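In case you want the letters, here they are:
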Amino acid sequence: MKALLIKDLKYIALPVSVLLFIDALVLTAPLSSDAMKNLIILFWLPTIAIYGLFSNEYNSGWNKYVKSLPLSEKEIVGEKFIVSTGLIVLIQITMLFFGSIRVILESNTAAYFDLILFSSSAILFICITVAVFIPCAYSSSPLKGIFISLFAFLCVVFPIYYACISQAHNYIYYDEGGSAYRYVNYYGVYMDTNTLITIFWICSILGYLSLFISYWCSLKIFKNKDY
């Protein structure tokens, strides 16, 4: 599996570095929270490297060749999910790290809430689209997987995100002591810091759980596929 990891990392290293750098610039740019929410698709772009990797292997007949190597199906499929999960973790770290820099520089509590909600929902959606793509790529072709995952993201996931998050009107409410703050929306529902962090972890767990389920589906498809 080590050789497979090295091969794939060499292939995606440059595009991933460039796209993560673009994401970092966007996160630290002096943009309004509404503008940032409209640019959520930028943080999905690094996963294009995964699409390119599968397309390159499909066109070169790699899957037929790799099945002849002394490697188990679990190692072959698992390696792809290790690379994909590692990439998503990098995206998550980039969002939290560079987003925190912006929060610190602006000394803006509202930006902190935006960062938590933005990063948690973005990671969940990225995980889901990758989880949809990989089994589709194994069952048919990467091109079909790209279309299905793009459809899932642009026509299903992104509209839900936009309706639930970007249309909310937020402001900060201070307790009588002046130290505690809450996130309040149109409906008067508020969330304290602990609630927001809980939402972040729930979204992260659900996202990575979707990848775990996708792994077992992909493994079953790969075992039965006649390349």
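No experiment lies behind these values; they were computed from the predicted model shown.

(A) View of the packing of aromatic side chains. Scanning the entire structure with this criterion turns up 10 aromatic pairs. Arranged with centres 5.6 Å apart and planes meeting at 75 degrees, the rings of Phe 200 and Trp 201 form a pair that is edge-to-face. Residue classification places Trp 201 among the exposed positions, given a relative accessible area of 53%. Plain terms: the ring middles of Phe 212 and Trp 216 are 6.2 Å apart, the flat faces sit at 80 degrees to each other, and that makes the pair edge-to-face.

(B) Seen up close, the pattern of salt bridges. Under the criterion given, the structure shown has five salt bridges. Notably, a salt bridge pairs Glu 57 with Lys 7, separated by 2.6 Å at the nearest N-O pair. Taken as a pair, Glu 57 in helix α3 (residues 48-60) and Lys 7 in helix α1 (residues 2-28) lie far apart in primary sequence, 50 residues in all. Of the residues examined, Glu 57 reaches a relative accessible area of 4% and is grouped as buried. Accessibility expressed as a relative area gives 29% for Lys 7, which makes it partly exposed. Through salt bridges with shared partners, one network takes in Lys 7, Asp 8, Glu 57, Glu 79 and Lys 80.

(C) Fine view of the nonpolar core. Ranked by size, the top nonpolar core spans 44 residues in total, and within it Met 95 and Phe 133 carry the most contacts. Elements supplying a minimum of two residues to this core: α1, α3, α4 (62-66), α5 (73-106), α6 (109-139), α7 (142-166) and α8 (193-224). The biggest single contributor to this core is α6, with 13 residues. Of all hydrophobic cores here, the second largest spans five residues; its members include Phe 113, Ile 116, Leu 196 and Phe 200.

(D) Quick peek at the environment of Asn 63. Relative to the helices and strands, Asn 63 resides in helix α4. For Asn 63, a relative accessible area of 10% translates into the label buried.

Here is what the cut-offs are and how they apply
- Residues numbered from 1 in each chain as written.
- Predicted model: local features only at pLDDT ≥ 70, side-chain atom pairs only at ≥ 80, totals over all residues.
- Heavy atoms only, no water.
- Phe/Tyr/Trp six-rings, centres within 6.5 Å; stacked < 30°, edge-to-face > 60°.
- Buried < 20%, exposed > 50% of the residue type's maximum accessible area, 1.4 Å probe, protein only.
- Salt bridge = Lys/Arg side-chain N within 4 Å of Asp/Glu carboxyl O.
- Helix = DSSP H or I, 4+ residues; strand = E, 2+ residues; numbered from the N terminus.
- Core = buried A, V, L, I, M, F, W, Y, C linked by side-chain atoms within 4.5 Å.

Read these as geometric descriptors, not functional statements.
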